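Each chain is listed here by its residues.
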Amino acid sequence: MAGKLPRASIPTEKTLSALTTTTYLAAEDDGFHAPSLVDFFPPAILFEDTIFEFNRVNLVQLIMTIAVASFFIIAFRNPKIVPRGIQNLGELAVNFVQVQIIDTIMGASGRRYLPYMVTLFFFILAMNIAGVIPFLNLAGTSVVAIPMMLAVLAWVVFNAAGIRKHGFGSYMKSNLFPPGVPKLIYVLLTPIEFLSTFILRPITLTIRLLANMMAGHLMLVLFFSGANYLLLDADTVLKPFGLGAVAMGFFITAFEILVAVLQAYIFTLLTALYIAGAESESH
Amino acid sequence: MVHAAEGDVPEGIDLFIPPWYDIFWSAVMFVALFWIFWKFVLPNMKKALAARSEGIEQKLEQAEVERSEAQALLAQYREQLAEARADAAQIRADAQSERQSIVAEARTEAQEAAAAVTERAEVQLSAEADRVRNVLSRDVGRLATELAEKIVGETLDEQKVNATVERFISDLETVAADGETVAADGQETR
């Protein structure tokens, strides 16, 4: 990590975020590696400067994708009528999405979205959980690409579902001009509805997931590198505090596992909710 | 997008603009995973679940069939048991009546045999009695004649003597018959 620091610490006049400032300060003190945004933008490994450029984050994403794919392929490689071992786990996993997200939000008509929803949930979950896996230590969703791509996909899918169900005109009308409101209110309501449905939904989806994962990583790095510094390099007086930092690091790791599951669940749930809303008869 | 190459740290709004290569890899991985779920995992799971439902249905149907079969068998056994019981009762009743008829027949036969024996004995007895009576009447007549000759001392007219003897004997018989009746009466009352 130390090798990357000089690149990040080149002083710029537009030091917009406090985090960048921390990075700058951290570079001066070799004893303590403060968490910084540098972690999210590692140098390229392969194909530098092309569209195929591949860095550490992409490697984490690839490993997790292969892990999830392998798990499900092994689980259902030779499905038995009476499930054994890993097939039980696989069925449980798929059933969770089917029952907790599709059946409760979309009802029976949501079954055709099962492949999309299952992929969405386990893709995000795998990317998130990579943040607490040793040696990976970085969530695949802590750079903007995956959250944004998934949010845009959700936007396309829910709008396509609504337009296919109701036709473009009636879909837009029911979204922008909700019935049962005095005509004059539309002056206010329509821009708000447009903004919230067509602009803010993908943005909030993206930022909720991205910010959670970034913050989680920063907290983990803060407590673990802090513990490392306090226990090994700090004055004797400060060393006991290192134990506190270790305990906090442990606590944050557990918390991050919860957040990883929760954020995957929320992202998938909201996507399902948007699709169900777009398809429902009355908005 | 300019920051993409060197791993520089983007600032401000650039944090939220992903480099193209990142989007490319994310999309590739998502599509790959989607394809695996869509074409392999979910169809396989659906197949397994369908097979499971079908298996359970078959088992239930089979159990139903077996249950009704067992019930039919049970009913059949019960019927057979009832039949067997009725048969046994019938046989017992038949045996009972047969025994009665056999006994009655045996009794009749015995009675007939006894009657025949009695009859034969009676015939024999009466024949014996007749013979005895003849012997007696001849002997008694001769004896009486001899006695009378001895007493009277002369030969008596044969014809007259015979008549006397016969009268005497018939008197005797009357007396004997009375005695017999009395004897029979005495036996009955005893």
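The next subject is the overall build of chain A. The helix and strand tally for chain A stands at nine helices and two strands. Counting from the amino terminus, helix and strand elements in chain A follow one another as α-α-β-β-α-α-α-α-α-α-α. Counting all 283 residues of chain A, 36% fall into the buried class. Within chain A, contacts between residues at least 6 apart in sequence are counted, and of these 59% link residues at least 24 apart.

Let us look at the overall build of chain B. Secondary structure summary: chain B contains two helices and zero strands in total. Within chain B, the proportion of its 190 residues that are buried is 10%.

A few words now on unusual backbone geometry. All names here are of chain A. For phenylalanine 135, which is not glycine, the phi dihedral falls at a positive 80°. Looking at where phenylalanine 135 falls in the secondary structure, it is placed in the loop between α5 (114–129) and α6 (145–166). Among the residues examined, phenylalanine 135 registers 8 C-beta atoms within 10 Å and is labelled exposed.

This part is about the environment of Met117(A). Residue and element names in this part refer to chain A. Here methionine 117 is to be found in helix α5. Methionine 117 gets classed as buried once you count the C-beta atoms within 10 Å, which come to 24. As a C-alpha pair, methionine 117 and threonine 271 span 154 residues in sequence and 8.3 Å in three-dimensional space. Once you skip the residues sitting within four places of it in the chain, methionine 117 turns out to touch Val97, Ile101, Ile102, Thr268 and Ala272.

Quick look at the confidence of the model for chain B now. Reading predicted coordinates in detail is not appropriate for stretches of low pLDDT. Residues and elements named next belong to chain B. Scored by pLDDT, chain B has a mean of 84; 88% of the residues are at 70 or more. In the model, residues 1–7 has pLDDT below 50 throughout and makes 19 contacts with residues more than four positions away in sequence or in other chains. With a pTM of 0.68, the predicted complex shows an ipTM of 0.79.

Moving on, we come to the interface of chain B and chain A. The partner chain A presents 45 residues to the 38 residues of chain B that form the contact. Across the side of chain B that touches chain A, the residue classes tally to 27 nonpolar, five polar and six charged.

Next up on the list: the packing of α5(A) against helix α1 (residues 20–152) of chain B. Packed helices, taken two at a time, are described by the angle between their axes plus the distance between the axes. Following both chains from N to C, one finds α5(A) and α1(B) inclined at 130°, their axes separated by 9 Å at the closest point. Considering the angle they form, α5(A) stands oblique to α1(B). α1(B) is crossed by α5(A), and the crossing has right-handed handedness. The residues of α1(B) that touch α5(A), namely those facing Leu114(A), Pro115(A), Val118(A), Thr119(A) and Phe123(A), are Phe30(B), Leu33(B), Phe34(B), Phe37(B), Trp38(B) and Leu42(B).

Another point: α1(B). Every α-helix carries 3.6 residues per turn, so stepping three or four residues along brings you back to the same face. For α1(B), built from 133 residues, the straight-helix expectation of 198 Å at 1.5 Å per residue is met to within 8% by its first-to-last C-alpha distance of 190 Å. Of all bends in α1(B), the biggest is about 40°, found at Phe37(B). Every buried residue of α1(B) is accounted for by Tyr21(B), Asp22(B), Trp25(B), Ser26(B), Met29(B), Phe30(B), Leu33(B), Ile36(B), Phe37(B), Val41(B), Met45(B) and Ala48(B). Close packing links the buried residues of α1(B) with β2 (54–55), α3 (56–75), α4 (86–106), α5 and α6 of chain A. Directly beyond the C-terminal end of α1(B), a positive phi value near 85° is found at Gly153(B).

This part covers the environment of Gly162(A). Residue and element names in this part refer to chain A. By secondary structure assignment, the location of glycine 162 is in helix α6. Through-space distance from the C-alpha of glycine 162 to that of glycine 277 is 8.1 Å; in sequence the pair is 115 residues apart. Once you skip the residues sitting within four places of it in the chain, glycine 162 turns out to touch Tyr171, Ala278 and Glu279.

What counts and what doesn't
- Residues numbered from 1 in each chain as written.
- Chains lettered and ligands numbered in written order.
- Predicted model: local features only at pLDDT ≥ 70, side-chain atom pairs only at ≥ 80, totals over all residues.
- Helix = DSSP H or I, 4+ residues; strand = E, 2+ residues; numbered from the N terminus.
- Buried ≥ 20, exposed ≤ 12 C-beta atoms within 10 Å, placed from the backbone.
- Contact = placed C-beta atoms within 7 Å.
- pLDDT = per-residue confidence, 0-100.
- Nonpolar A, V, L, I, M, F, W, Y, C, P; charged D, E, K, R; others polar.
- Axes fitted to C-alpha atoms, helices over the stretch in contact; angles between N-to-C directions.
- Parallel < 35°, antiparallel > 145°, perpendicular 65-115°, else oblique.
- Left-handed = near helix turned anticlockwise from the far one by under 90°.
- Expected span 1.5 Å × (residues − 1).
- Bend = angle between axes of the 7 residues up to and from the residue.

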